[in-house]
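Letter by letter, the chains look like this.
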Amino acid sequence: MTQEIDTDTPVAEIQDVPRAPASIKKSGVRWGEFLIKGWLGLCAFVSIVTTAAIVILLLSETLNFFDTVSPGEFFLGTTWTPLFEPSSYGVLPLVWGTMIVTIGAAIIAIPTGLASAIYLSEYASDEVRRIIKPVLELLAGIPTVVYGYFALTFVTPLLRSVIPDIQVFNALSAAIVVGIMILPMIATLSDNALRAVPESLRQGAYALGATSYEVTTRVVVPAGLSGVMASFLLAISRAIGETMAVTLAAGQTPNMSLSMFESIQTMTAYIVQVSLGDTPTGGIAYQTLFAVATLLFVITLVINIVSQVILNRFREVYE
Amino acid sequence: MPLTTEQEHRNLAKRHRKARIFARFCAAVTWSGVVLLGLLLYQVSIDGFGWLDWQFLDSFPSRFPERAGIKSALVGTVWLIALVAVISIPVGVSTALYLEEFAGRGRIAKIIEVNIANLAGVPSIVYGILGLAIFVRYFALERSLISGALTMSLLILPVIIIASREAIKTVPQGIRSAAYSLGATKWQTTWAHVLPASFPGIMTGVILALSRAIGETAPLIMIGALTFVAFLPEGPMDSFTALPIQIYNWVSRPQEEFHELAAAGIIILLAVLLIMNATAIYIRNKTERRLK
Amino acid sequence: MSESPEIAMAEEQALGMHRKSVLELRNVSIFYSEKKAVNDVSFNIRRNKITAIIGPSGCGKSTLLRCLNRMNDFVEGCRVDGELLFANENLYGKDVDPVEVRRRIGMVFQKPNPFPKSIYNNIAWGPLINGYKDSTDELVEKSLKQAALWEEVKDRLHDSALNLSGGQQQRLCIARALAMEPEVLLMDEPCSALDPISTARIEDLMFELKEKYTIVIVTHNMQQAARISDYTAFMEMGDLIEFNVTKRIFTRPAIKRTEEYVTGRFG
């Protein structure tokens, strides 16, 4: 069966195309587009250059450092006196200082942050959310030097009135204040993670006769666990990199004592100490700056990568 | 053996009680966070309010607390933020546009994306060291405003990029399709439709990033912002101080009066941040309502 | 009596009628990565006629339509084999600029997508960025009249386009596409998001439009295709089952599968 050819419209009556058709062929390069795309790409490249610069800088100066000081002494030594005689370059006291402040902060911030997140996503009404969310953002936006001030003028005197033995500069004060600082981060990120859990999961559990406590702890939090754990890791990484509050609150004494009532020094506080002094370029003291900074950078990088992996890997599974 | 109804009933009551206690616990914890914030602000205000006067705003720092002021720090901060804005906004927004509109989903785009996510988590003090080695020493820009501004720009660039990308992603794809179907190029579409539509979201992100830059101390210490500056900077190559540095300097002194001065400085700093955050939230709410 | 579309077309060419075709598809296959979405499709789009492409969901009709103005370029991994001839060029030729293609082949989408700007600027923008130098006032009025929207909005041209109703927004999108004076207007299920009254108005509009423009419409609404189109292509699972004059497709289709579809036995 042939198609019926349309013979109704005589060929001569076909409308002229309104204007002379332009060719659809390319007429030269669009220079404007090319230049703009070039500029945008260049800007994007800046971020790559930044990372490369950080890595190259830290690595090269650290290698210089390891020409003088053996990695063994650096990573395993327990005395850190690079600026005095006799100089000793064991970095463990700094790592220890960072660790006890961070762990202390985590003990404070993780349970409370998670509880706040649970409250915000499972229990709070919309009006309450509208008040608390901005409050959390404000708390998160407070500069660290303000927390340092808070530690020195409020927390430490408070602690001293309760625990008379505690020093003016102590790790506990720093841990408390850093904990308060990272709390909003955990609360906000975990809240986002919990809210992303589909409502159908909750309703299924409620339909089986579970209480809100059971639904929250046995269904919602496990479902959003990847996001919640990622938030913990990011907060810990932030605590590790925290500088001003610990410098002001915890002091400048690197030591490895187990007591949180004494002054310690974190990696970040050491870096600040060196740069506030007059360090000649190239000297061994200058190089310790980079060695410690590299260690700090690597630790936070590893934690950040792990948290990203957790977010990406386990998010698929639960969806 | 199944539970008797009596046992089930008691069990249920216990479970309900547990649920109630848990709910109240979570609420209490959250609200105590709010109380804590109030406490902190109250404390700072009490300490510092007495020192807040015109003389405070108009004087340079001094060894004598009665004569000390934050003029140089305030001016330094204003200079710094202006320079940071001029540098970081174009670069950050351009990067976000590149990643969202021009780059596709290829390998390079993925690498840049992961890279930016990592840079966002690098401690600010590492940026300070970078600034020290590259801007102050290598490019010999000395301990100047421009060194500080470049360092801070690198620090907040990931924040701007991530926030801008989120804003650009919310522009409905239909608008782009419509523009392309009319014979528009990618840049024509981006400039005429995508950017204007995502502008409020980008602005919010930029303001929040800049408010982060205002409060950062560690990188400025690293590049050598001075702590006793009795003059006003007049150009980008001048040395300078900034609000958080001045506050830090006063807090680390033993005398009580300097602590109170620090509190006054903190009030100013927090006031500035509050205004900026409120503006960002206002912009965000206005656009959310418009889209509804 | 030939059953295959290719033979029918060859006969048509032999009769010297091919210059009535604006667009010619020859052995067009479309791939998304490795998956073949459209398989070896050939037919012609006649000037000043409405050609409908119908078929069950997933048959590839929208995919095919979006290739006609190279909108599928924006989909990663999309590859087109075969030839799509327009103005003596293959649309997918090496030297062809997709931006130029889209200036001459316009599109109206399933969900109305006006720009969040004024009605006036919605229409004026396309021609302006393409170098239009004459009076935009006249252009806007002419386009809105062609889309049967002028009377309703002539007093509020500078109001936001988002304040219009769904049906009005879609007519605005049609006006916007017409402002470019395209040779072909592609419509991808333009009424599926609209109420029946708006649908009827747009269908009336299309009758008027075909005097000046060539229209290709994808629709899942068979009755709509039967009502308004001159030619119909029936596709299923990426294959072109039958292409013919609409009356024939809906009364005496050549292929059994076509008959099953148009009588509602599946799809």
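Reading the values: rules and limits
- Residues numbered from 1 in each chain as written.
- Chains lettered and ligands numbered in written order.
- Predicted model: local features only at pLDDT ≥ 70, side-chain atom pairs only at ≥ 80, totals over all residues.
- Domains from an automatic or database assignment.
- Contact = placed C-beta atoms within 7 Å.
- Nonpolar A, V, L, I, M, F, W, Y, C, P; charged D, E, K, R; others polar.
- Helix = DSSP H or I, 4+ residues; strand = E, 2+ residues; numbered from the N terminus.
- Buried ≥ 20, exposed ≤ 12 C-beta atoms within 10 Å, placed from the backbone.
- Axes fitted to C-alpha atoms, helices over the stretch in contact; angles between N-to-C directions.
- Parallel < 35°, antiparallel > 145°, perpendicular 65-115°, else oblique.

**Describing the domain arrangement of chain B**
Residue and element names in this part refer to chain B.
- When the domains of chain B are assigned, the result is domain 1 (5-49) and domain 2 (56-291).
- Its C-alpha centre places domain 1 at a distance of 36 Å from the equivalent point of domain 2.
- Contact residues are listed per partner, giving 5 residues for domain 1 and 6 residues for domain 2.
- Here the side of domain 1 that touches domain 2 is composed, by residue class, of 2 nonpolar, 2 polar and 1 charged.

**Some details on unusual backbone geometry**
Residues and elements named next belong to chain C.
- At Ala-148, a position not held by glycine, the phi torsion is positive, near 55°.
- Mapped onto the elements, Ala-148 comes out in the loop between α5 (136-146) and α6 (150-153).
- Residue Ala-148 is classed as partly exposed on the basis of its C-beta count, with 17 C-beta atoms lying within 10 Å.
- For Met-237, which is not a glycine, the phi torsion comes out positive at approximately 50°.
- By the secondary structure assignment, Met-237 is in the loop between β9 (231-236) and β10 (239-245).
- Judged by C-beta crowding, with 14 C-beta atoms within 10 Å, Met-237 ranks as partly exposed.

**Concerning the interface of chain C and chain B**
- Contacts between chain C and chain B engage 18 residues on the former and 16 residues on the latter.
- For the side of chain C that touches chain B, the secondary-structure elements that each account for two or more residues are α3 (98-104), β6 (105-108) and α4 (119-129) of chain C.
- Looking at the side of chain C that touches chain B residue by residue, the classes come out as 9 nonpolar, 5 polar and 4 charged.

**Regarding the packing of helix α1 (residues 31-68) of chain A against helix α5 (residues 124-138) of chain B**
- Viewed as axis vectors pointing N to C, α1 of chain A and α5 of chain B meet at an angle of 80°, and their least axial separation amounts to 10 Å. The pairing of α1 of chain A with α5 of chain B is recorded here as roughly perpendicular in orientation. The residues of α5 of chain B that touch α1 of chain A, namely those facing Ala-53, Ile-54 and Leu-57 of chain A, are Val-126, Leu-130, Ala-133 and Ile-134 of chain B.
- Each residue belonging to the contact of α1 of chain A with α5 of chain B can be placed in one class, and the counts come to 7 nonpolar, no polar and no charged.

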